[in-house]
Amino acid sequence: MPDQHPSAAPAAPAAASGTNARPLGTDGGAAGRGAPRQDWTLEEALALFALPFPLLMHQAQQVHLAWHNARQIQMSTLLSIKTGACPEDCAYCPQSVRYETGVASEPLLPLATVVERARAAQAAGATRFCMGAAFRSPKRRDLEQIGAMVRAVRALGLETCVTAGMLEPGQADELKAAGLDYYNHNLDTSAEFYGQIITTRTYQDRLATLKSVREAGLKVCCGGIIGMGETLRDRAQLLVTLAQLPEHPQSVPINQLVRVPGTPLAAGPPVDPFDFIRTIAVARIMLPRAQVRLSAGRESMSDELQALAFLAGANSIFYGEKLLTTGNPDVLRDQALLQRLGMEPEQRLQ
Ligand code: SF4
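Now for a look at the structure at hand.

Parameters at a glance
Residues numbered from 1 in each chain as written. Predicted model: local features only at pLDDT ≥ 70, side-chain atom pairs only at ≥ 80, totals over all residues. Helix = DSSP H or I, 4+ residues; strand = E, 2+ residues; numbered from the N terminus. Buried ≥ 20, exposed ≤ 12 C-beta atoms within 10 Å, placed from the backbone. Contact = placed C-beta atoms within 7 Å. Core = buried A, V, L, I, M, F, W, Y, C linked by C-beta atoms within 7 Å. Near = placed C-beta within 6 Å. Nonpolar A, V, L, I, M, F, W, Y, C, P; charged D, E, K, R; others polar. Expected span 1.5 Å × (residues − 1).

Describing the overall build of the protein chain
Helix and strand content of the protein chain: 11 helices and 12 strands. Across the 350 residues in the protein chain, those meeting the buried criterion constitute 48%. Taking as baseline every contact in the protein chain between residues at least 6 positions apart, the subset at least 24 positions apart corresponds to 78%.

Some points on the nonpolar core
Of all hydrophobic cores here, the largest spans 91 residues; its most connected members are Ala45, Met131, Tyr183, Leu239 and Ile280. In terms of residue count, helix 9 (residues 273–286) provides more of this core than any other element does, eight residues in total. Those residues in contact with Met131 that sit more than four places away from it in its chain are Leu79, Ile81, Val114, Ile146, Met149 and Val162.

Focus: unusual backbone geometry
Although it is not a glycine, Ala85 sits at a positive phi angle of roughly 55 degrees. Here Ala85 is to be found in the loop between strand 1 (72–82) and helix 3 (111–123). Backbone geometry at Asp188 places phi at a positive 70 degrees, although glycine is not the residue there. Within the element layout of this structure, Asp188 appears in the loop between strand 4 (182–184) and helix 6 (191–194).

Some remarks on the environment of Phe274
Here Phe274 shows up in helix 9. When the C-alpha positions of Phe274 and Leu308 are compared, they lie 9.2 Å apart, and in sequence the two are 34 residues distant.

Observations concerning the site of the ligand
Looking at the ligand, the residues that line it are Cys86, Glu88, Cys90, Cys93, Gln95, Ser96, Ala134 and Gly165. Looking at the shell around the ligand, its residues break down into four nonpolar, three polar and one charged.

Digging into helix 4 (residues 140–155)
Under the 1.5 Å per step criterion, the end-to-end length of helix 4 is 23 Å for 16 residues, consistent within 8% with the ideal 22 Å. Among the residues making up helix 4, those that are buried are Leu143, Gln145, Ile146, Gly147, Met149, Val150 and Val153. Each element contacted by the buried residues of helix 4 is listed here: strand 1, helix 3, strand 2 (128–133), strand 3 (159–163) and helix 5 (169–178). Taken from the residues just after helix 4, Gly157 is the one with a positive phi, measuring 95 degrees.

All we've got here are geometric facts, nothing functional implied.
So this is what it looks like as structure tokens:
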């Protein structure tokens, strides 16, 4: 963390001192919540990152308690419905066809398999079922099959989320018509750093898909990855970009890079756990209404670190044994952790 801190941190926002009656992250208003701010600046975001850890956590807690039931965690289960052989070159991803990672490619799963896995996730306590397909962008037939999966999973009473690469406006409309709730499309990092991680598409491409998704009336799931060699400034800029979107994403996954052998990012220093928690806390403050999801990398986190992430405002997890192609804490460990913390899965569908 220290090497990434701005040497002369800008002054913290007034609310950081605890003297401002307006909850940080909002424009004030009734019930102490108001509307989420969309005018965050990079300087303000950096000032939050530069706060002493206890003060940052205090601010994040205030925002979290004003907007959410801190006792509850939203549980999503992620299934890879089409694995590997992706033509993109995302440097962190074992599913890119460009890297030797040992991930076997699989075509789109049969509908019956997806429904069976969704039923199992629901029985284990998940309320949202996320379907991930390793595509640059889905073709017409792919989209028809994914639409059928969405309809079937929605019919079970689960929320649905899909991630399948870039979408044109008409494709987003098609998924909305099938009953899709969320579309996931991560910005990953700042626009400035993006080109060092992915060269086969641009940041602007990502923003265009997010626009199509938003305009189709789908909820947006969009976040980033910590630990790819980005600076603290890149992390702050990512959060500023998310906060300045026409509407804040409803779901914001914060991933800790899982270093997969064979990918260009296989080697590198580990993320300082406190830096990771700081990123969650700043996301919570700047995106007060969003579900902030503790996502990839959770398998390697201690129970204590996960509890700290919940204190910082994370209120959603991926739940189940696998996260696309990498591991995830098993269901029993998650259930035991929530019980030890006096927390519970969120039952309500959003
Ligand atoms: S992150 Fe997605 S788009 Fe990038 S290589 Fe992996 S599957 Fe393809």
